[in-house]
Amino acid sequence: MDRAVNILAIETSCDETSAAVVSNGREVISNIISTQINIHKKFGGVVPEVASRKHLENISQVIDLALSDAKMDYKDLHGIAVTYGPGLVGALLIGLTTAKALAYGRNLPLLAVNHIEGHIYANFIEHKELEPPFVCLVASGGHSHIIKVLDYGVFEVMGKTRDDAAGEAFDKVARTLGLGYPGGPLIDKAAKAGKADAIDFPRAYLEEGSFDFSFSGLKSSVLNYLNNMKMKGLEINKSDVAASFQESIVDVLSDKLIAAAITAKSPYAVLAGGVAANSRLREELLKKGTENNIKVLYPSPILCTDNAAMIGCAGYYKYIKGEVSPLSINAIPNLRI
Ligand code: KG4
Ligand code: ZN
């Protein structure tokens, strides 16, 4: 007798074509991620039109693989979850229209999921004991938010970036340093060979008590430093620049997340999104968490970056609440949480 609720999830908001089968919200049965990184690398960033075309080419095979990996058929499923925003509109539409067609054709409920919400839910997969309320920092290529998770699907934004997202800053600085794309993992790696206190880059804490972020000043400061060094004919130590830049971001992200957890009286400081894969950020948060008696949680790296399993988890909680989306739902590129 199988009473599990199985959700097929689809994620195509940026440059990962992903499909997963998630059982009872927190058990990942399969999670297929087809990345386009090697294609976009040549251009130094994601080319939206190319991303849409690649999603279209791959989506059917990725879904078939997710089902065969899970040893399941459509008759074993209870719903189709899909990201409908935020993200690149053309990319989102490939996943969304596919999900709509499957939901209609197989008579299954459509569960439209906010991508940012999905990132938070990756932690429910990784940490079976985690329950709301808690405070979570979602830091990725497109967003940097500190969110109070009051209940499943109930959020309060405590702060967010006023300009660049944290991952965007990593990507831009890596490009300027000639490290390549995507910048986050490359800076993380380069920083290991550098000195974090080599260059004193700025840390934007903004107004007292603010949980907002601003990374554009830091980005300009790195650019100015590199231009100055070039003009003076001095050699640039890329590892030192990477380590010092990373330290500046890590200080602000970790200080603000811990301060937000203290303010919200959250026993947990939770990390999510691509930047949550950063080794220095994890290390620093664990230290500050221990000092403040706050438990720091983050997903394994594969669940930090874009994947459909996290969307399946969020879709499950919508399913059990009966929050079914109409087939008329559209992609919303700037969807907020
Ligand atoms: O969540 P994600 O896969 O996609 C978005 O929703 O944006 O995040 C991608 C971002 C990129 O900016 C990438 O450079 C960054 O996450 N990232 C990292 C690391 N791994 C990925 N940033 C810092 N350190 C890392 N190890
Ligand atoms: Zn993402």
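Residues numbered from 1 in each chain as written. Chains lettered and ligands numbered in written order. Predicted model: local features only at pLDDT ≥ 70, side-chain atom pairs only at ≥ 80, totals over all residues. Heavy atoms only, no water.

Turning our attention to the coordination of the zinc ion (ligand 2). The zinc ion (ligand 2) binds to the protein through His-115 (NE2), His-119 (NE2) and Asp-306 (OD), with metal-donor distances spanning 2.0 to 2.1 Å. Mapped onto the sequence, the donors of the zinc ion (ligand 2) take the spacing H-x3-H-x186-D. Taken together, the positions of His-115 and His-119, both in helix 4 (residues 115-126) and 4 residues apart, correspond to about one turn of that helix. For His-119, a relative accessible area of 1% translates into the label buried. (Donors = N, O, S within 2.8 Å, 3.2 Å for Na, K, Ca; no water. Helix = DSSP H or I, 4+ residues; strand = E, 2+ residues; numbered from the N terminus. Buried < 20%, exposed > 50% of the residue type's maximum accessible area, 1.4 Å probe, protein only.)

Moving on, we get to the nonpolar core. Proteins that are soluble and globular tend to have nonpolar side chains buried together. Formed by 44 residues in total, the largest nonpolar core has its most connected members in Leu-137, Ile-146, Val-222, Phe-245, Ile-249, Leu-253 and Leu-271. Breaking this core down by element, the ones donating at least two residues are strand 6 (134-139), helix 5 (166-177), helix 6 (183-191), helix 7 (216-231), helix 8 (238-263), strand 9 (268-272) and helix 9 (279-291). Among the elements that take part in this core, helix 8 stands out by supplying 12 residues, more than any other. Among all residues touching Leu-271, those that are not within four sequence positions of it are Asn-123, Cys-136, Leu-137, Leu-257, Ala-276, Leu-281, Leu-285, Leu-297, Tyr-298 and Pro-299. Core analysis: the second largest hydrophobic core is formed by 35 residues, Ile-7, Ile-116, Ile-120 and Val-270 among them. (Core = buried A, V, L, I, M, F, W, Y, C linked by side-chain atoms within 4.5 Å. Contact = heavy atoms within 4.5 Å.)

Between helix 8 and helix 9, whose axes approach to 9 Å, the crossing angle comes to 40°. As helix 8 packs across helix 9, the resulting crossing turns out to be right-handed. In this structure, helix 8 contributes Gln-246, Glu-247, Val-250, Asp-251, Leu-253, Ser-254, Asp-255, Leu-257 and Ile-258 to the contact, and helix 9 contributes Arg-280, Leu-281, Glu-284, Leu-285, Lys-288 and Gly-289. Residues belonging to the contact of helix 8 with helix 9 are distributed by class as follows: 6 nonpolar, 3 polar and 6 charged. (Axes fitted to C-alpha atoms, helices over the stretch in contact; angles between N-to-C directions. Left-handed = near helix turned anticlockwise from the far one by under 90°. Nonpolar A, V, L, I, M, F, W, Y, C, P; charged D, E, K, R; others polar.)

Our next topic: the domain arrangement of the chain. Each domain of the chain was delimited in the assignment, giving domain 1 (6-121 + 304-320) and domain 2 (131-300). Between the C-alpha centres of domain 1 and domain 2 the distance comes to 27 Å. The interface is formed by 17 residues belonging to domain 1 together with 23 residues belonging to domain 2. Buried surface at the junction of domain 1 and domain 2, summed over both partners, amounts to about 1500 Å²; 72% is from carbon and sulfur atoms. It is Ile-116, Ile-120 and Cys-304 that lose the most area in domain 1 upon contact with domain 2, and together they represent 42% of the buried surface on that side. Applying the counting criterion to the domain 1 and domain 2 interface returns 1 salt bridge. Close ionic contact of Glu-131 with Arg-26 constitutes a salt bridge, the shortest N to O distance being 3.9 Å. Across the contact surface, domain 1 and domain 2 share 5 residue pairs in polar contact (both at pLDDT 80 or more). For the side of domain 1 that touches domain 2, the secondary structure elements donating two or more residues are helix 1 (37-41) and helix 4. Of the residues assigned to the side of domain 1 that touches domain 2, the class counts are 8 nonpolar, 5 polar and 4 charged. (Domains from an automatic or database assignment. Buried area = accessible area lost by both parts, 1.4 Å probe. Salt bridge = Lys/Arg side-chain N within 4 Å of Asp/Glu carboxyl O. Polar contact = N/O pair within 3.5 Å; in protein donor to acceptor, adjacent residues only side chain to side chain.)

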